[in-house]
Amino acid sequence: MSEKLDRLAACLEEKIRDQIRGIHRACDELTLEVSAGDLLRVARTLRRDPELGFDMLVDVCGVDYSAYGVTEWSTESSTAEGFSRGVEKATFGRFTFDETPPVSQRADPRFAVVYHLLSVAHNHRLRIRVFCEDDEFPAMPSLVEVWNSANWFEREAFDLFGIVFNGHPDLRRILTDYGFVGHPFRKDFPLVGHVEMRYDPEQRRVIYQPVTITPRVLVPRVIRKDHRHLDDAAEETSADA
Amino acid sequence: MPEIRNYTLNFGPQHPAAHGVLRLVLEMDGEVVQRADPHIGLLHRGTEKLAESKPYNQSIGYMDRLDYMSMMVNEHGYVKAIERLMGIEPPLRAQYIRVMFDEITRILNHLLWLGTHALDVGAMTMFLYCFREREDLIDCYEAVSGSRMHATYYRPGGVNRDLPGTMPQYQTSRWKSPADVKRLNENRSGSLLDFIEDFTNRFPTHVDEYEILLTDNRIWKQRTVGIGVVSPERALQMGLTGPMLRGSGVAWDLRKKQPYAVYDRMDFDIPVGVNGDSYDRYLVRVEEMRQSNRIIRQCVDWLKANPGPVMLDDHKVAPPPREEMKADMESLIHHFKLYTEGYCVPEGEVYSAVEHPKGEFAVYLISDGANKPYRVKVRPPGFVHLSALDEMSRGHMLADVVTLIGSLDIVFGEIDR
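Scoring rules and cut-offs
- Residues numbered from 1 in each chain as written.
- Chains lettered and ligands numbered in written order.
- Predicted model: local features only at pLDDT ≥ 70, side-chain atom pairs only at ≥ 80, totals over all residues.
- Heavy atoms only, no water.
- Helix = DSSP H or I, 4+ residues; strand = E, 2+ residues; numbered from the N terminus.
- Rg over C-alpha atoms; globule rule 2.2 N^0.38 Å.
- Buried < 20%, exposed > 50% of the residue type's maximum accessible area, 1.4 Å probe, protein only.
- Contact = heavy atoms within 4.5 Å.
- Areas by Shrake-Rupley, 256 points an atom, 1.4 Å probe, with all protein chains shown as cover.
- Lys, Arg positive; Asp, Glu negative; His and termini not counted.
- Charge placed at Lys NZ, Arg CZ, Asp CG, Glu CD.
- pLDDT = per-residue confidence, 0-100.
- Pairing = 2+ DSSP bridges.
- Axes fitted to C-alpha atoms, helices over the stretch in contact; angles between N-to-C directions.
- Phe/Tyr/Trp six-rings, centres within 6.5 Å; stacked < 30°, edge-to-face > 60°.
- Buried area = accessible area lost by both parts, 1.4 Å probe.
- Salt bridge = Lys/Arg side-chain N within 4 Å of Asp/Glu carboxyl O.
- Polar contact = N/O pair within 3.5 Å; in protein donor to acceptor, adjacent residues only side chain to side chain.
- Parallel < 35°, antiparallel > 145°, perpendicular 65-115°, else oblique.
- Left-handed = near helix turned anticlockwise from the far one by under 90°.
- Nonpolar A, V, L, I, M, F, W, Y, C, P; charged D, E, K, R; others polar.
- Patch = residues over 30% accessible without salt bridge, like charges linked within 9 Å, V, L, I, M, F, W, Y side chains within 5 Å.

K.L.:
Looking at this structure, how should I read the overall build of chain B?
P.N.:
When helices and strands are tallied, chain B shows 18 helices and eight strands. Against the 2.2 N^0.38 benchmark of 22 Å for 417 residues, chain B shows a C-alpha radius of gyration of 23 Å, consistent with a compact globule. By its C-alpha atoms, chain B is 90 × 60 × 45 Å across when sized along the principal axes. For chain B, the residues scored as buried account for 60% of the 417 residues in total. Counting contacts in chain B only where the partners sit at least 6 residues apart, residues at least 24 apart contribute 70% of the total. Accessible area for chain B stands at about 15400 Å²; split by element, carbon and sulfur atoms hold 53% of it. Measuring between centres, the 49 positive side-chain charges of chain B sit 3 Å from its 58 negative side-chain charges.

Given below as structure tokens:
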């Protein structure tokens, strides 16, 4: 497996050297980072070049990195407070519609689109991560003309994350309700949602109202620096460098 | 002369042939479909978002409810993602059990598909035949996990518990006489493995029965041959996987090409279609059932000969046994931490794909080092297949749309997530 990845990485270096922003290897998988401006060109090369031959786009996935590394319970120092009192509200599961979760201050762009490619001809896979340059209005060129399977996946990423795909033939919401407001998979969208629907016997119709259920996430989000994985992480960073 | 216009037809969301909650807006020219616009999401439950708010193990049950016709294969994809990120490998016996249940699940899925697909096209008997065999396999689910459908049986590091030594028995009741019960319990007297072995002996004959009813049936062929033809190039371009891709003649099966668990030790063949129409996809799936039967048989033989652990002996991931927990302080702490906080998965990302009965099912997992996943993306095969319906149904008659929906083998739990 690793020789195959070596060959693929070398091939990518050769064909699209100028467009590569970064190339990482972990868990026997290759991740390529390119900029949004280069994406279409890179995609065409990846599909048409016979040595690369990525004939199938398997998956497109939006990611919101705004809460990356956020925890609710400190693990490195001990406190005099008990478990539940020590928990800070920090993730979407603990908030309801009239509160806004704290937005983390990150230097990196907030949204990314991750593509998974598969070559049936050569039996290898590749992951491409592209960050959206603008956090307020995330946009990405559409890959529908290169791989038709991108169509619904891009609609899904638009629906759930609000990422606009320029050049998409039919960019409508796909999974959420007709007339839905907001993008539910963003990290500042509460887990319980904003509105609920019920039948109102007085008005004799179905109405929307603010949610009445309370957030009920029981386990705090915790990051523990585990010594068993520290060595691996150090090795990986040195291998990248 | 009056103006002739296309009209739109609403198919579903509550239609028996829509296989769940599919709303299909069809633009018709007479009885010919010009455009099909599936409206999905009526079963959207936000599984991925829910999984981000829970420790890893608590989401295994959600995976069952994605494609609720092939429960354990979904679990396999999710559990494998966690295992790869943590760098652990389950014991060999657990991997054999997983492969065996993956294949049992494949037969379960294909039986349901065959029964309902034939029912949609007009063959009532198939439905009854298929559900007869499904019953036995669902009993295997019940014996191993206590649940007939949503098993939650696979765990990171192995499976929840070893295969049971006894099968659940039928009891005498107002509806079942002692003679009936004796006959029904005949193949249930031994262990679960004996029961499955008995099933694998019987099953090929049953598949022959299905084929006698359908394969050369004139009506069945009239309804399926030449319907929804997909060329291999278009199949790749539209992202079709699994039997949909193999029906078009591309020999692509993750169990062979990128083997996981112990599939590389199994002896089986990949059936491939020629014309890429609904009939070829039917033949591919029926042959897959026979091949799954072969794999199950190999697993049964191995499992009978090789007892051993089915879960990792690492209490950072797997809970310690109950007895140990009562006597040993360390085990009690491990148990408490696992069930109140879960385990932290090292930072990284992984894309773990399995050959699902419907196609390539994958879980893309991003971890930032916490006890909950940062992002879980499920790659549902049915979602992609349904997006190809528009192209496949153009120019066909309205009744063929029903054949096509059946031929796609879609389940809304995974499409809407």
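K.L.:
Explain the confidence of the model for chain B here, please?
P.N.:
Fine structural detail should not be taken from predicted coordinates in areas where pLDDT scores are low. Per-residue confidence for chain B gives a mean pLDDT of 89, with 99% of residues at or over 70. Here the predicted complex carries an ipTM of 0.86, next to a pTM of 0.89.

K.L.:
Explanation requested: the sheet that holds strand β7 (residues 359-367) of chain B in the structure shown.
P.N.:
Each strand in a sheet pairs with its neighbour through backbone hydrogen bonds, running either in the same direction (parallel) or in the opposite one (antiparallel). Residues and elements named next belong to chain B. With respect to topology, three strands assemble into an open sheet ordered β6-β7-β8, the strand pairing being antiparallel. Every interior strand has two partners, whereas the edge strands, β6 (348-356) and β8 (375-379), have only one. If you compare each strand with its neighbour and ignore which way they point, the axes differ by 10 degrees on average. Where β6 lies against β7, nine bridges are found, and the strand directions are antiparallel. Looking at the pairing, V354 lines up with F361 of β7.

K.L.:
Any chance you could explain the packing of aromatic side chains here in plain terms?
P.N.:
The description of an aromatic ring pair uses the distance of the two centres, along with the angle that the planes make with each other. Tallied over the full model, the rule gives 19 aromatic pairs over all chains. Ring centres 6.2 Å apart and planes at 85 degrees place the aromatic pair F161 of chain A and F185 of chain A in the edge-to-face group. Of the two residues, F161 of chain A sits in helix α4 (residues 150-161) while F185 of chain A sits in the loop between β7 (164-166) and β8 (195-200), which places them 24 residues apart along the sequence. Like F161 of chain A, the residue F185 of chain A is buried in the burial classification. For the pair W220 of chain B and Y282 of chain B, a centre-to-centre distance of 5.1 Å together with 70 degrees between the ring planes defines the contact as edge-to-face. Taken together, the residues span a long stretch of sequence, with W220 of chain B in helix α8 (residues 218-224) and Y282 of chain B in helix α12 (residues 278-305) at a distance of 62 residues.

K.L.:
Would you mind showing me how to read the interface of chain A and chain B here?
P.N.:
The accessible area lost on association of the parts is a frequent measure of interface size. If you look at the interface, chain A gives 60 residues, while chain B gives 65 residues. Summing both partners gives a buried area of about 5200 Å² for chain A against chain B, and 55% of it is carried by carbon and sulfur. The largest per-residue losses of area from chain A upon contact with chain B belong to W152, L175 and F185 of chain A, which jointly make up 14% of the total buried on that side. Ionic pairing is found between E156 of chain A and R417 of chain B, a salt bridge with its closest N-O pair at 2.9 Å. Taken together, the links from chain A to chain B amount to 35 residue pairs in polar contact (both at pLDDT 80 or more). The element that contributes the greatest number of residues to the side of chain A that touches chain B is strand β3 (residues 56-64) of chain A, accounting for eight residues.

K.L.:
Help me out: how do you make sense of the pairing of β8 of chain B in this one?
P.N.:
Successive side chains on a regular strand alternate, one facing one side of the sheet and the next facing the other. Residue and element names in this part refer to chain B. Most of β8 is tucked away: five of the five residues are buried. Bridge analysis of β7 against β8 gives five bridges, and the strand direction is antiparallel. Counted as the bridge partner of I366 is R375 from β8.

K.L.:
Mind showing me how you'd approach the packing of helix α4 (residues 92-121) of chain B against helix α5 (residues 124-145) of chain B here?
P.N.:
Residues and elements named next belong to chain B. The contact between α4 and α5 brings their axes to 8 Å, and the two run at 155 degrees. Looking at the two axes, α4 sits roughly antiparallel to α5. Both α4 and α5 take part in a crossing whose hand is left-handed. For the pair α4 and α5, contact is made by F101, I104, T105, I107, L108, L111, L112, L114, G115, T116, A118 and L119 and by M124, M126, F127, C130, F131, E133, R134, L137, I138, C140, Y141 and V144, respectively. When grouped by side-chain class, the residues that make up the contact of α4 with α5 number 19 nonpolar, three polar and two charged.

K.L.:
Hey, could you run me through a nonpolar patch on the surface in this one?
P.N.:
Residue and element names in this part refer to chain A. Nonpolar side chains collect at one region of the surface, where V195, M197, Y199, V206 and Y208 lie side by side and expose about 540 Å² of accessible area between them. Of all the secondary structure elements, the ones that give two or more residues to the nonpolar patch are β8 and β9 (205-210). Looking at the nonpolar patch element by element, the count peaks at three residues for β8. Position of Y199 among the secondary structure elements: in strand β8.

K.L.:
Before we go on, may I ask you to explain the packing of α5 of chain B against helix α7 (residues 192-214) of chain B in this structure?
P.N.:
The axes of two packed helices give the description: the angle between them and the distance between them. Residues and elements named next belong to chain B. At a minimum axis separation of 11 Å, α5 and α7 run at an interaxial angle of 165 degrees. Considering the angle they form, α5 stands roughly antiparallel to α7. You can see that α5 and α7 cross each other, and the crossing is left-handed. Residues T125, M126, Y129, C130, R132, E133, D136, L137, C140, A143 and V144 of α5 form the contact with α7, whose own contacting residues are L192, F195, I196, F199, R202, F203, H206, E209, Y210, L213 and L214. Looking at the contact of α5 with α7, its residues break down into 15 nonpolar, two polar and five charged.

K.L.:
How should I be thinking about the sheet that holds β3 of chain A in this particular structure?
P.N.:
Residue and element names in this part refer to chain A. With mixed pairing, the five strands of this open sheet are ordered in space as β1-β2-β5-β4-β3. The sheet is open, and its two edges are formed by β1 (22-26) and β3, each paired on a single side. Going across the sheet, the axis of each strand differs from the next one's by a mean of 20 degrees, ignoring polarity. Pairing analysis gives eight bridges linking β3 to strand β4 (residues 111-119), with the strands arranged antiparallel. Bridging from a neighbouring strand, V60 pairs with Y115 of β4. Where helix α1 (residues 2-15) meets the sheet, it contacts β1, β2 (29-34) and β5 (124-131), and its direction lies at approximately 15 degrees from that of β2. Lying over the sheet, helix α2 (residues 39-48) contacts β2, β4 and β5, oriented at roughly 175 degrees with respect to β5.

K.L.:
Please clarify how the environment of R155 of chain A should be interpreted in this entry.
P.N.:
Residues and elements named next belong to chain A. Position of R155 relative to the elements: it lies in helix α4. Put simply, R155 and D200 are 45 residues apart on the chain and 33 Å apart in space, counted from C-alpha to C-alpha. Not counting the four nearest positions on each side in its chain, R155 is found in contact with H168, D170, L171, R172, R173 and I174. Of the polar contacts made by the side chain of R155, one reaches the backbone oxygen of R172; its length is 3.4 Å.

K.L.:
Just checking my understanding: could you explain a negative patch on the surface for this structure?
P.N.:
All names here are of chain B. Together, D313, E323, E324, D328 and E330 make up a negatively charged patch on the protein surface. Along the chain, the position of E330 falls in helix α14 (residues 329-340). Using a relative accessible area of 49% as the deciding quantity, one classes E330 as partly exposed.

K.L.:
Could you clarify how one ought to interpret the environment of K15 of chain A in this entry?
P.N.:
Residues and elements named next belong to chain A. Mapped onto the fold, K15 is located in helix α1. Assessed through its relative accessible area of 28%, K15 is described here as partly exposed. For the pair formed by K15 and H183, sequence separation is 168 residues and the distance between their alpha carbons is 37 Å. Those residues in contact with K15, other than ones at most four positions away along the chain, are D49, E51 and L52.

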